[in-house]
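# Architecture and fold: a report
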Amino acid sequence: MKFFLDTANLDELKKGLALGIIDGVTTNPSLIAKEGNPIKEQIRRICEIVDGPVSAEVVSTSGDEMIVEGRDLAKIHKNVVVKVPLTRDGIRACATLSKEGTRVNVTLCFSSAQAILAAKAGAYFVSPFVGRIDDIGWDGSELIQDIVGIYDNYGFGTQVLAASLRTSIHVIQAARAGSHCGTMPFKVLDMMFNHPLTDKGLAQFLSDYAKAFQEAPADR
Ligand code: E4P
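In what follows, the accompanying structure is described. All values derive from a computational prediction rather than experimental measurement. (Residues numbered from 1 in each chain as written. Predicted model: local features only at pLDDT ≥ 70, side-chain atom pairs only at ≥ 80, totals over all residues. Heavy atoms only, no water.)

## A few points about the overall build of the protein
We apply this condition: Counting from the N terminus, the helices are DSSP H or I runs at least four residues long and the strands are E runs at least two residues long. Residue contacts are defined here by distance: any two heavy atoms, one from each residue, within 4.5 Å place the two residues in contact. Throughout, the Shrake-Rupley method with a 1.4 Å probe supplies accessible areas, and for residues the shown protein chains are the sole cover considered. Neither His nor the chain ends contribute to the count of charged residues, in which Lys and Arg are positive and Asp and Glu negative. Charged side chains are reduced to one point each, which is NZ for Lys, CZ for Arg, CG for Asp and CD for Glu.
Across its full length, the protein carries 11 helices and 8 strands. Dimensions of the protein along its principal axes, counting C-alpha atoms only, are 70 × 35 × 30 Å. Contacts spanning at least 24 positions in sequence make up 55% of the contacts within the protein whose residues lie at least 6 apart. Summed over all atoms, the accessible surface of the protein reaches about 11,400 Å², with 54% contributed by carbon and sulfur. Each charge sign in the protein was given a centre, from 23 positive and 26 negative side chains, and these centres are 3 Å apart.

See below:
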């Protein structure tokens, strides 16, 4: 399972990248807006520090404009994946950009029917939003399972990128469903480390060792 950080914040990215387990980055217009720099500038900065796919989302709404904007975003860096919304115009833009060899992430996917359209348009990634489906009282993890199964039936090359992952449980559910990738904020990645028995066990190991050798672990 590929792990992407869902952020446009460089400090968060640096902290996440330092762990050595991050495969790429996803952004959206809300995340870019928080950083206060225009999209092209912020994406360029992200690409300078991340070795992997970096999703940059268009803000145009017509297919023709998305295609022009997507081509422009793709020129920023070879790692840029152009992100388009799952609308009729977005699917048309995805089909055109994909045929030109640009990788496209189709975002705002909330149903299996939509995910089939993204695959048919040659999307490199499709992003179903687990958390936002849970928000309306449905089960986002079922959607991931369904899309993975459908894509397997036909050998579609589109990778499922489980998005809107808000808890460790969401990450586990996406992994159980066989999602190719998951994108999460740094705080969710950080939460995945936590287990009281790890802390307790480590404290015990270090104290047993220190007692036996009459030295503090720091003196080793
Ligand atoms: C990522 O590509 C999505 O834009 C993001 O995961 C949405 O997450 P949210 O629903 O927590 O805002």
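Next comes the rest of the account.
## Examining helix 9 (residues 168–176)
Here is the rule: Each residue is placed in one exposure class: buried if its accessible area under a 1.4 Å probe, protein chains only, is under 20% of its type's maximum, exposed if it is over 50%, and partly exposed if it falls in between. Relevant arc is that of directions from the helix axis to the C-beta atoms, nothing else.
Of the positions making up helix 9, those classed as buried are H170, V171 and A174. Considered in projection along helix 9, the buried side chains sweep an arc of 100° and stay on one side of the axis. Residues of helix 9 that are exposed and point more than 90 degrees away from the buried face comprise I169 and R176. Just past helix 9, the residue G178 takes up positive phi, approximately 85°.

## A closer look at the sheet that holds strand 3 (residues 54–57)
For clarity, the threshold we go by: When DSSP locates at least two bridges between a pair of strands, those strands are taken to pair. Axes here refer to lines fitted to C-alpha atoms; in helices the fit is confined to the stretch in contact. Angles between the N-to-C directions go from 0 to 180 degrees.
Read around the barrel, 8 strands follow the order 1-2-3-4-5-6-7-8 and close on themselves; strand pairing throughout is parallel. Neighbour-to-neighbour, the strand axes of this sheet turn through a mean angle of 30°, independent of strand direction. Taken strand by strand, helix 6 (residues 112–120) contacts strand 5 (104–109) and strand 6 (125–128), and its axis lies near 165° from that of strand 5.

## Comments concerning the packing of aromatic side chains
This is how the line gets drawn: Working definition: rings of Phe, Tyr and Trp (its six-membered ring) pair if their centres are within 6.5 Å, and the pair is stacked with planes under 30 degrees apart, edge-to-face with planes over 60 apart, and tilted otherwise.
Tallied over the full model, the rule gives 6 aromatic pairs. With a centroid separation of 5.6 Å and 75° between ring planes, the pair formed by F4 and F125 is classed as edge-to-face. One end of the pair, F4, is in strand 1 (residues 2–6); the other, F125, is in strand 6, with 121 residues separating them in the sequence. F125 shares its class with F4; the two are buried. Centroid distance F110 to F129: 5.4 Å. Interplanar angle 65°. Geometry classified as edge-to-face. Placement of F110 in the loop between strand 5 and helix 6 and of F129 in the loop between strand 6 and helix 7 (130–135) is noted, with a sequence separation of 19 residues between them. Overall, the relative accessible area of 32% leaves F110 in the partly exposed class.

## Digging into the packing of helix 6 against helix 8 (residues 140–154)
Here is the rule we go by: Working definition: roughly parallel below 35 degrees, roughly antiparallel above 145 degrees, roughly perpendicular at 65 to 115 degrees, and oblique for all remaining angles. For any helix crossing, the convention is left-handed if the near helix is rotated counterclockwise from the far helix by under a right angle, and right-handed if that rotation is clockwise.
In the contact formed by helix 6 and helix 8, the axes pass within 10 Å of each other and the chain directions differ by 40°. The pairing of helix 6 with helix 8 is recorded here as oblique in orientation. When the axes of helix 6 and helix 8 are compared, the crossing they make is right-handed. Of the residues in helix 8, those touching helix 6 at S112, A115, I116, A118 and A119 are L143, D146, I147, I150 and Y151.

## A closer look at the nonpolar core
Inclusion rule: Here, nonpolar core refers to any group of buried Ala, Val, Leu, Ile, Met, Phe, Trp, Tyr and Cys residues whose side-chain atoms link them within 4.5 Å.
In terms of nonpolar packing, the biggest core is built from 55 residues, with I43, I46, V80, V84, V106 and Y151 touching the most fellow members. A total of 6 residues in this core trace back to one element, the largest contributor, which is helix 8. Residues contacting V106, with those up to four places away along its chain left out, are V84, P85, L86, I91, C94, A118, A123, F125, V126 and S127. One finds F4, V81, L161 and C181 within the second-largest nonpolar core, a separate group that totals 5 residues.

## Quick notes on unusual backbone geometry
The phi angle at L108 is positive, at roughly 60°, despite the residue not being glycine. Assignment of secondary structure puts L108 in strand 5. Look at L108 and you get partly exposed, because its relative accessible area is 31%. Phi is positive for S164, close to 55°, though the residue is something other than glycine. Relative to the helices and strands, S164 resides in the loop between strand 7 (159–162) and helix 9.

## Notes on the site of the ligand
Put simply, the test is: If a single non-hydrogen atom of a residue is within 4 Å of a molecule or strand, that residue counts as near it. Side-chain atoms alone can form a polar contact between residues adjacent in sequence; in general such a contact is a pair of N or O atoms within 3.5 Å, and within protein one must be able to donate a hydrogen while the other accepts it.
Taken together, D6, T26, N28, K83, F129, R132, A163, S164 and R166 are the residues near the ligand. Between the ligand and K83 there is a distance of 2.5 Å, counted from an oxygen atom to a side-chain nitrogen or oxygen. Side-chain polar atom of R132 to an oxygen atom of the ligand: 2.6 Å apart, as the coordinates give it. Taking 340 Å² as the accessible area of the ligand by itself, protein coverage stands at 85%.

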